[in-house]
Amino acid sequence: MNNYRMGGYLLFAIGLINLRYQWGEPGIVQRSATIFIPGTLILLATVIDPLKPILMRKEVQYLLAFLGLAFIAYAVTN
């Protein structure tokens with residue numbers, strides 16, 4: 001669970017930093033929300049008890065790791 005929380009915090013922080021430093025650019029709120037909303041959802045999923053067994057499945061771990069890396073790459077190239 002700790003890895004999910006760290007990944008969620010990472011996406012949340014990158015999204016907010018992206019929003020702050022690119023403020024004034026057209027469409028930045030939507031692009032930053034694309035980064036920090038999934039981070040928030042991952043954080044929320046780690047505290048909801050029925051979702052914890054689902055998060056511990058290997059295929060879900062691989063999927064979320066891939067999606068997390070894709071969001072990070074999007075944030076860096078954005």
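About the criteria used
- Residues numbered from 1 in each chain as written.
- Predicted model: local features only at pLDDT ≥ 70, side-chain atom pairs only at ≥ 80, totals over all residues.
- Heavy atoms only, no water.
- Axes fitted to C-alpha atoms, helices over the stretch in contact; angles between N-to-C directions.
- Helix = DSSP H or I, 4+ residues; strand = E, 2+ residues; numbered from the N terminus.
- Parallel < 35°, antiparallel > 145°, perpendicular 65-115°, else oblique.
- Left-handed = near helix turned anticlockwise from the far one by under 90°.
- Contact = heavy atoms within 4.5 Å.
- Nonpolar A, V, L, I, M, F, W, Y, C, P; charged D, E, K, R; others polar.
- Core = buried A, V, L, I, M, F, W, Y, C linked by side-chain atoms within 4.5 Å.
- Buried < 20%, exposed > 50% of the residue type's maximum accessible area, 1.4 Å probe, protein only.

### Looking at the packing of helix H1 (residues 2-21) against helix H2 (residues 28-47)
As a packed pair, H1 and H2 sit with axes 8 Å apart at the nearest point and diverge in direction by 160°. In terms of axis orientation, H1 runs roughly antiparallel to H2. As for how H1 packs across H2, the hand of that crossing is left-handed. Contacts from Tyr4, Arg5, Gly8, Tyr9, Leu11, Phe12, Ile14, Gly15, Leu16, Asn18 and Leu19 in H1 reach Ile28, Val29, Ser32, Ile35, Phe36, Gly39, Thr40, Ile42, Leu43, Thr46 and Val47 in H2. Residue composition of the contact of H1 with H2, by class: 14 nonpolar, 7 polar and 1 charged.

### Describing the nonpolar core
Residues Tyr4, Leu11, Ile35, Ile42, Ala45, Leu55, Val60 and Ala75 constitute the largest nonpolar core, which totals 8 residues. Where this core is concerned, the elements lending two or more residues are H1, H2 and helix H4 (58-77). A total of 3 residues in this core trace back to one element, the largest contributor, which is H2. Discounting residues that sit within four places of it in the chain, isoleucine 42 has contacts with Tyr4, Gly8 and Leu11.

### Let's talk about the packing of H1 against H4
Running from N to C, H1 and H4 point in directions that differ by 20°, and their axes come no closer than 11 Å. On the basis of their axis angle, the class for H1 and H4 is roughly parallel. Once H1 is placed against H4, the crossing between them reads as left-handed. On H4, the residues touching Tyr4, Leu10, Leu11 and Ile14 of H1 are Val60, Gln61, Leu64, Gly68, Phe71, Ile72 and Ala75. Looking at the contact of H1 with H4 residue by residue, the class counts come to 9 nonpolar, 2 polar and no charged.

By themselves these figures say nothing about function.
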